[in-house]
Each structure stands twice: as structure tokens, then as C-alpha cells.
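# Remarks on the overall topology
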Amino acid sequence: MRNPKGKDNIRRLFSTAVISTVAFAGMVAFLFFAIPIVSNATEAGTVYVDDTTDTDPTIEPDYHLTGTDDERTNIKEPGTAQTAEDLSELNIANYVTVTYDNGNGEINGALRIFITLTLLALLPSFIIMMTSFTRIILVLHFTRTALNTQTAPPNMVIIGLALFLTFFIMQPTILRVYNEAYVPFENGELTQQELLDSAMKPIREFMYPQTQRKDVVMFMEISGDEWDGTLDDIPTTVLVPSFMVSELRTGFIIGFLIYIPFIVIDMVVASVLMSMGMMMLPPTTISMPFKILLFVLADGWNLIIGSLVKTFY
């Protein structure tokens, strides 16, 4: 038997193909005949005027009014300049002007602002690497962990306290950098290289007493350099990582000392719970109130922060 549905499908496909072919042919005919007509009409209706008179629309606003059929080119000569004030008034586009401050080759104000904004992105790294921030944040973290208070105080409070303590400890060093490097540089007494050397000197003098000798020796041996035991003979690229390793070691030592009394409380509470047969009750749940009580009675924050700050003096 023949399938009538198959014939209907073939007829529909054939009709669709015929309609598509006719539509495509119509579009091609439109592109070939309509576009040249529009182009000819445009070319016939426009009058081009080759007029390059030296005119300035800002000075002569009525010379080239909106709605006229003429097309013209307005030319304004750039002119010449003898001074910096005249240079800013010239009609010059897409140019770069490099200005030297009295011919000494120093960075101008705009570029100095750009460099300052770029250095602000690296400021957190400088605070962590070359200040007391690392030791402070480690001690505060160990204190919170030893108390087993999880998120009390929260991270924002700990970081804020660490930043303010860092500024308090680094205040003499920051004042020395300002007075010995920044002020003379602004007065024109120092070059850029002298500014960098003068600014790094107080920071290096702060880091060196806090750095252990064995850390400096380790990095000097890795770099293959000889060290005579003085600060001036240590490169900054060696002093900074040595200082950071020493700060990590010191922070962990202080953290261990903070842990000792709280570990004793945990052991006592665990022993009492075991003797009472309450083995399923977590000892940390019972010991945490006793830890907080001991910490408050001993004025723990005053002891820890006061002793921590005194380690830098």
C-alpha cells in the first residue's frame, strides 16, 4: 500500500523549497537594482565645495551654518609657541609633552601622583613585610584560638587592632622617614636615589635588631655573599626575608607560651569529666567558660598586648 502521509510530506518540502528560492531571487534582484539607484540619487543631490579657507567656527559662527548644502573644510593652523603658556593654547591633538623641572630630569607632579597611586596597591605587602604587623597578628590569632572562642573577637577587630598597634610601634620610624627623606626631597635637597636610600635607612635599622643572626646567615649563604656581621653589609633583599622568618618564629614562641595555661585548664576539665563518667561530653564545651574567666581575672588583654609591644623596645 502506498503511504498518503509520505506524499503530503514531499509536497510540503517541495513547496517550502520553491518559496525559499523565489524569496532569495527577489532579494538578489533588490540588491542589484535598488542600491545603484540610491547611490545615483545621493551623488546627484549633493554639491561638494572644495573650499579650504582658513576659518574658525568658534570665531565666525555664521560662516558655516547648519542646513546649508555646501561642504567645506574648516582649518585652524596650530601656530607656534615660545613659552609653556603659549604651548598649552595651541590647537594640537594627540600629543605627549614631557616637561622637565628646571632641566634636572626629575619626575613631574602628574607622574609622581601616578606612581604614588600604584605604590598604594603594594602598601599592604610593605606593612606585612617590613613592620611589626606579622608578629602582632600571629599573637592575637593564637590568643583567640587558645581561648577557643572561634570568632570572638572577629577577624575585622583583630586586623584593626593589629594595624593600630603597628602604627603605634612604627611611629618613630615613620617620623624619621618623613623628616630625613621626604622633607629634604620636597625641598630639592635629595635626588630620587638618595630619597630611596634615606627612606630605607630607618626601616632597616628597625628590622635589624628584631632579626636573628642565624636567619641572616642562612640567606647570605643561599645568595652566596659574604657577611662581615654589620648592618651596612646586608642587602635589603636579604634583610627583609630574614626579618620575616624571625618574626614568624617569635610569634609562634609567644603563641606557645599563651597556650600553656589554657592547656592546663583543658586537662583538668577532661580529667574531672572522665572521673565522673561523662565521657560523651566534650571537654572544650565545659572548659571555655573557665578559660574566659581566667583570662578576664588576669586582665589578659592588658598583659598580652603590653608584653607584645614591649618586645619591640
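Coordinates for the structure precede this section.
Reference entry: report on the structure contained in this document. This structure is a prediction, so every number in the text was calculated from the model and none was measured.

### Regarding the pattern of salt bridges
The final tally for this structure, using the stated rule, is 5 salt bridges. Residue Glu205 is joined to Arg176 by a salt bridge in which the shortest nitrogen-to-oxygen separation is 2.6 Å. Here Glu205 is found in helix α6 (residues 192–210), whereas its partner Arg176 is found in helix α5 (residues 155–186), with 29 residues between them in sequence. Members of the salt-bridge network, linked through shared partners, are Arg176, Glu180 and Glu205.

### Let's talk about helix α4 (residues 133–147)
Compared with the 21 Å implied by 1.5 Å per residue over 15 residues, the 21 Å span of α4 between its first and last C-alpha is a close match. α4 sits mainly inside the fold: 12 of its 15 residues count as buried. Of the positions making up α4, those classed as buried are Phe133, Thr134, Arg135, Ile136, Leu138, Val139, Leu140, Phe142, Thr143, Arg144, Ala146 and Leu147. Immediately beyond the C-terminal end of α4, within one or two residues, lies Asn148, with a positive phi of roughly 60°.

### What about the side chain of Ser246?
Of note, Ser246 is situated in helix α8 (residues 236–275). Relative accessible area serves as the criterion here: at 0%, Ser246 is assigned to the buried category. Polar contacts involving the side chain of Ser246 include one to the main-chain amide nitrogen of Gln212, which spans 3.0 Å. With near-sequence residues (within four places) excluded, Ser246 lies in contact with Gln210, Thr211, Gln212 and Asp215.

### Some words on the packing of aromatic side chains
Tallying each qualifying case throughout the model produces 7 aromatic pairs. Here Phe142 and Tyr259 contribute two aromatic rings whose centre-to-centre distance is 6.4 Å and whose plane-to-plane angle is 75°, an arrangement assigned as edge-to-face. Remark: Tyr259 occurs in helix α8 and Phe142 occurs in helix α4; sequence separation between them is 117 residues. A relative accessible area of 14% means that Phe142 is categorised as buried.

Reading guide: rules and limits
Residues numbered from 1 in each chain as written. Predicted model: local features only at pLDDT ≥ 70, side-chain atom pairs only at ≥ 80, totals over all residues. Heavy atoms only, no water. Salt bridge = Lys/Arg side-chain N within 4 Å of Asp/Glu carboxyl O. Helix = DSSP H or I, 4+ residues; strand = E, 2+ residues; numbered from the N terminus. Expected span 1.5 Å × (residues − 1). Buried < 20%, exposed > 50% of the residue type's maximum accessible area, 1.4 Å probe, protein only. Polar contact = N/O pair within 3.5 Å; in protein donor to acceptor, adjacent residues only side chain to side chain. Contact = heavy atoms within 4.5 Å. Phe/Tyr/Trp six-rings, centres within 6.5 Å; stacked < 30°, edge-to-face > 60°.

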